Every structure is written in C-alpha cells, then in structure tokens.
Amino acid sequence: MRAPHHWWQTGTVYQIYPWSFQDSNDDGIGDLPGITSRLEYLEWLGVDAIWISPIFPSPMADFGYDVADYTGIDPRFGTMEDFDRLLAAAHAHGLKLVLDLVPNHTSDEHPWFRQARSARDNPYRDWYIWRDPAPDGGPPNNWLSHFGGPAWTLDPASGQYYLHLFDPKQPDLNWRNPAVRQAIYDVMRFWFRKGVDGFRVDVIWMLIKHPDLPDNPPDPNWTPAQPPQHRLLRIYDQHQPEVHAVIREMRAVADEFADRVLIGEIYKPVEELVTYYGANLDEVHLPFNFNLITLPEWSAAGVRDLVERYERALPPGAWPNWVLGNHDRPRIASRLGPALARIAQMLLLTLRGTPTLYYGDEIGMEDVPIPPERVVDPLGIRVPGYSRDPVRTPMQWDDSPGAGFTRGEPWLPLAADARQRNVAAQRADPHSMLSLVRHLLELRHASPALNAGSYRTVEVGNPHVFAYLRARGPEHLLVALNFADRPCRLDLRHVAAEGVIAVSTAMDRAGHIALTDLDLRPYEGLVIDLLTP
Ligand code: GLC
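This structure is a prediction, so every number in the text was calculated from the model and none was measured. (Residues numbered from 1 in each chain as written. Predicted model: local features only at pLDDT ≥ 70, side-chain atom pairs only at ≥ 80, totals over all residues. Heavy atoms only, no water.)

Now for the overall build of the protein. A count of helices and strands for the protein gives 15 helices and 19 strands. Against the globule reference of 24 Å for 533 residues, the protein gives a C-alpha radius of gyration of 24 Å, in line with a compact fold. Looking at the protein residue by residue over its 533 residues, the buried ones come to 61%. Residue pairs at least 24 apart in sequence account for 68% of intrachain contacts in the protein once pairs closer than 6 positions are excluded. Summing over all exposed atoms, the protein offers an accessible surface of approximately 19900 Å²; the carbon and sulfur share of this is 54%. Between the mean site of the 50 positive side-chain charges and the mean site of the 69 negative ones, the protein shows a separation of 2 Å. (Helix = DSSP H or I, 4+ residues; strand = E, 2+ residues; numbered from the N terminus. Rg over C-alpha atoms; globule rule 2.2 N^0.38 Å. Buried < 20%, exposed > 50% of the residue type's maximum accessible area, 1.4 Å probe, protein only. Contact = heavy atoms within 4.5 Å. Areas by Shrake-Rupley, 256 points an atom, 1.4 Å probe, with all protein chains shown as cover. Lys, Arg positive; Asp, Glu negative; His and termini not counted. Charge placed at Lys NZ, Arg CZ, Asp CG, Glu CD.)

Now for the pattern of salt bridges. Scanning the model with the defined rule gives 40 salt bridges in all. The residue D417 makes a salt bridge to R421 at a minimum N-O spacing of 2.8 Å. On the basis of relative accessibility, which here comes to 22%, the residue D417 falls in the partly exposed class. Salt-bridge contacts for D519 lead to R489; the nearest nitrogen and oxygen are separated by 2.7 Å. Note that D519 is positioned in strand β18 (residues 518-520) and R489 in strand β15 (residues 488-490), a separation of 30 residues in sequence. If you follow the salt bridges from partner to partner, you end up with D62, D328, D377, R388 and R392 in one network. (Salt bridge = Lys/Arg side-chain N within 4 Å of Asp/Glu carboxyl O.)

Moving on, we get to the sheet that holds strand β19 (residues 525-530). Spatially, β12-β13-β14-β19-β16-β17 is the arrangement adopted by the six strands of the open sheet, whose pairing is antiparallel. The outermost strands of the open sheet, each flanked by one partner alone, are β12 (454-458) and β17 (511-514). Ignoring strand direction, the axes of neighbouring strands in this sheet form an average angle of 35°. By the bridge criterion, five bridges tie strand β16 (residues 498-504) to β19 in an arrangement that is antiparallel. The partner of I501 across the bridge, within β19, is I528. Relative to the sheet, helix α14 (residues 433-446) contacts β16 and β19, its axis offset from that of β16 by approximately 130°. (Pairing = 2+ DSSP bridges. Axes fitted to C-alpha atoms, helices over the stretch in contact; angles between N-to-C directions.)

Bringing the pairing of β16 into the picture now. The pairing of β16 with β17 spans four bridges and is classified as antiparallel. Its bridge partner lying in β17, E498 is registered against A514. Connecting the antiparallel pair β16 and β17 is a turn made up of six residues, with M507 showing a positive phi of about 55°.

One can find H164 in the loop between β6 (160-163) and α6 (178-194). Of note is the side chain of H164, whose polar atom sits 2.7 Å from the side chain of T153. One polar contact links the side chain of H164 to the main-chain carbonyl oxygen of F166, over a distance of 2.8 Å. Apart from the residues lying within four places of it in its own chain, the contact partners of H164 are S145, P150, A151, W152, T153, Q170, P171 and D172. (Polar contact = N/O pair within 3.5 Å; in protein donor to acceptor, adjacent residues only side chain to side chain.)

These values are about where atoms sit, not about what they do.
Given below as structure tokens:
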C-alpha cells in the first residue's frame, strides 16, 4: 500500500482576495461574512481549500500586506467572531482554510515599528534593519523598492535609514534577530491553534538579506522599456543561502500541528525554486510554482519544455504545484484570450501537482481597465502602467447592478462585461468556462490518475500539440491540448487504440474516440480515458 496523500496534495487551492469576493454590509468592500455566504458555491465548484489574502488590521497601504496586528481581524472585514464562524463553516463544507502570513515586513504602524523608531536604544530597534546614511547623506546602498524608488527611507528623528523592499509603509523585519523569529512563530501558533490549515507565506525568499548589504549590480538585460525598479540584479536582497535555515524553523512550527501546510511565495525558475522544498523536504511543502505565469511564450513547445524541466528538477518525494494567476499578475484570460484560457485551465487541472486557482478565473474574468483617478495600488501609483488593480476587481456573481458582489459602491470598478460574464449566467450554460472548470475539478476528484498519478509526455508529431499521460493503477488518461488556431489530426496508436472522451474544452463532446485518427479542433483540449493502454 502506498502512503495516503495529504489534502494539500490531491486537493485544489482557491485564492480569495477578500476585498473583492463578497460584500455583506454594503460598504463596497468584501468581508468575512461575505466569504462565509459563498462557501456553498466553492463546495459546488469543487475546490478543496481556500487561501485568503491578508485580513489582519492594516492601514491598507498595500491592501493588507502591511500588517499592523498579526493576530487580529481588520474591522473592514469583520470581527474575530466572524473569522471563527468562517473557519467552522469552511470545515463543515469540507474546505480547508489557509491564511496569508506576511513575515518579511510589518506596517510602519505596527507597535513593533513604532517602538523601534522611537529611539535608537529601544529594545525593538533591532527588529528592523537600520543603517546610517551614506557619506553624502543618501541611502546606505543602491537597493530599490519593488514598488519603485529607493528601498530606504530616512527616519529624521533618529538620523538613520530603515529598509523596505516594498512600500515605505512596509519596513522590513530583521530576520537575523531571534526575537523576530520567535514572535512570528508565535503568530503561526496562534492561528494553528484556532484550527487554520496552513499559511501562504508572503515573499518567503526575501526574508534574509546579505549581512553586508552590498550594492546590487546593474542588470545587463534591463532596458528603459522595463520598470526602473528592475534595473538591478537582486542578488543581495533575496534568495540568500541562510534563508533556508529560517524556513526550516517555520516548517518545524507547522509540524507541531497535524496536517498543516506551508506554501511559499517564490518567483524563481524551476531549478532554483525546488531548493525551497529543503534538502530533506524540511522547508515549505509547496514552493509556489509561478512559471506558467512568467512563461514568456505560451506555445505547446514552451509549456512542454517547462513541465519537463520542472518534473526533472523536483527532488525525490517533492510534491509539484502549478499556479495560473494571482492578485499580482495579469489575469490568464487577458494574457491568452478566451480560447487559450480554456486550454490553460485544462492544463492546470490535469498536470501533476496541486493546482491553485485565482478567484474569477473560473468564469474567465479579464483585467479591468481602471481610470487613472481610481488607481489605488501603491505599485500602480508609483509606476504607472504596472497597477495590480485591474486583476483585483469584484467577483462577478450575477447581472444585478453590483454584480451580486455589493449593493453599495464597489471599491474598484466592476468589469464592463459583468452583466454577461458572471457565475449565474455560466452556471446555466453547460458550455461555459465555469462548467468546464467545474467538470475538470469533478474529474480530478474522482480520478486517482489526475490527483495523484504519474506524468509522462506523449510524442504526437505535431509542434502545436502538447500531450501527456496521467496514470495510476489501472487508470490511464491522455490529455491532448491543441495550442493552434487550426484543426489537426493525430495518430496516437502508439499510446492506445481507443478511449472515451472525459472532457473537451468546448464541453460539447463525449463518447468513444479512436486514437488512430484523433481530430482536435482549433484550440481544443481533450482528456481521454484510455480503454486499452
Ligand atoms: C507579495 C504579495 C503582494 C505584496 C508584496 C508585499 O508579493 O503577493 O501583493 O504587495 O508581497 O507584501
């Protein structure tokens, strides 16, 4: 008997951006009771876990990624009682609940930072990273904030600069200080004791900086067409060897509790990404694999190459995972267009490893253009053109004026197509994107080959088609994805003689199919249950 799998292996994670999922009190901002009221939908959809972006008290300089109290609930989202109800209800619906842990930085309004900035000899001073000005009075080194401008801000009262890899209102914690580590580990324990099933850990690969804080060298490939904060190679402010020891400590905290998960936010190519599983699989359970998001070209060959490189790079026993979208990156339907977006969902939900779905992608939501006067994202304000607001707009539930999200004025504009593209309309349409995603999730649940089976690329002799086999025990499934805008015919008799269509991206085909002349329509993907493998 093989060891049974954990929920975070066979299940699917659904990311909720709390500002935009469901408003329950008409203030135009999503909230916890709103999420609770939509758990039925999530159970119907067939996801297994929800990860909620930060819900903690915050001045919202970065929409919750600037935490002022790690063990509270921001009143915009509700109360701790609302949270307890949400957690209990999620569990009652068979859903796990994953919170966002933001350990790299706090809000400048967190009591720790208020103490730290109050005096150079305050015991909290060393909880953050302070340095004297350079001889010319400028910042101590050339590091840049991810949100544009220098990564240092002068604190005039004490005459020193503090480091912030993001907004000036997000001072970086000093993870070389053991007191900081213990404080965050206690935060983890607080939520674990409540019964939270895990954490998605924000920018985990940035926690430790080079001890000497050397200047970052220029990136020779940078061009002025790219945002200015990308002009340096980030070799000293992230991905330092000592970060692994910290992550091992975090993992040990998670391991004090039964069956919890740690998911690390890490933007790295697969070869470096996999180091975050830990040499003994003792770091994060799932280092988020964003390589489908960052893939420069979506082609059959490009995706195949990525999948194969990842499969090769994974250490023995490491569990893979795939992500197509999140609150920081353009939506998949906008990047690829509606037809390829269906291929992308079929890929996500049939590859080996845990899929993470971003809210709204199941109905093909697209980036919503935000008028300049309504831009609220700190990145978008500082670096015009790079706002993340377009990917964070309210969920489109129905064709009512507030799209079923709110009866008030939504905090970000609704998509212009919300009346047509919404959950209610797509639930009623058997060919919709929502029906496709739900069907794929249903299939994935029922199929050990999909949720726990092996992966093997299938040679198809056509450069526009990516095909693979997923198998476990007697079950063999073939996935064939046509990335081209023209039909094709494949001869896959070397794989099997015939099969039964389990799902097509168009949701309009079923029944037996011969693999000797397998016809795929433009941008069509098929999952085929092989009868005679
Ligand atoms: C992560 C979050 C992003 C946030 C940043 C700083 O990348 O996903 O939304 O702005 O960290 O916390």
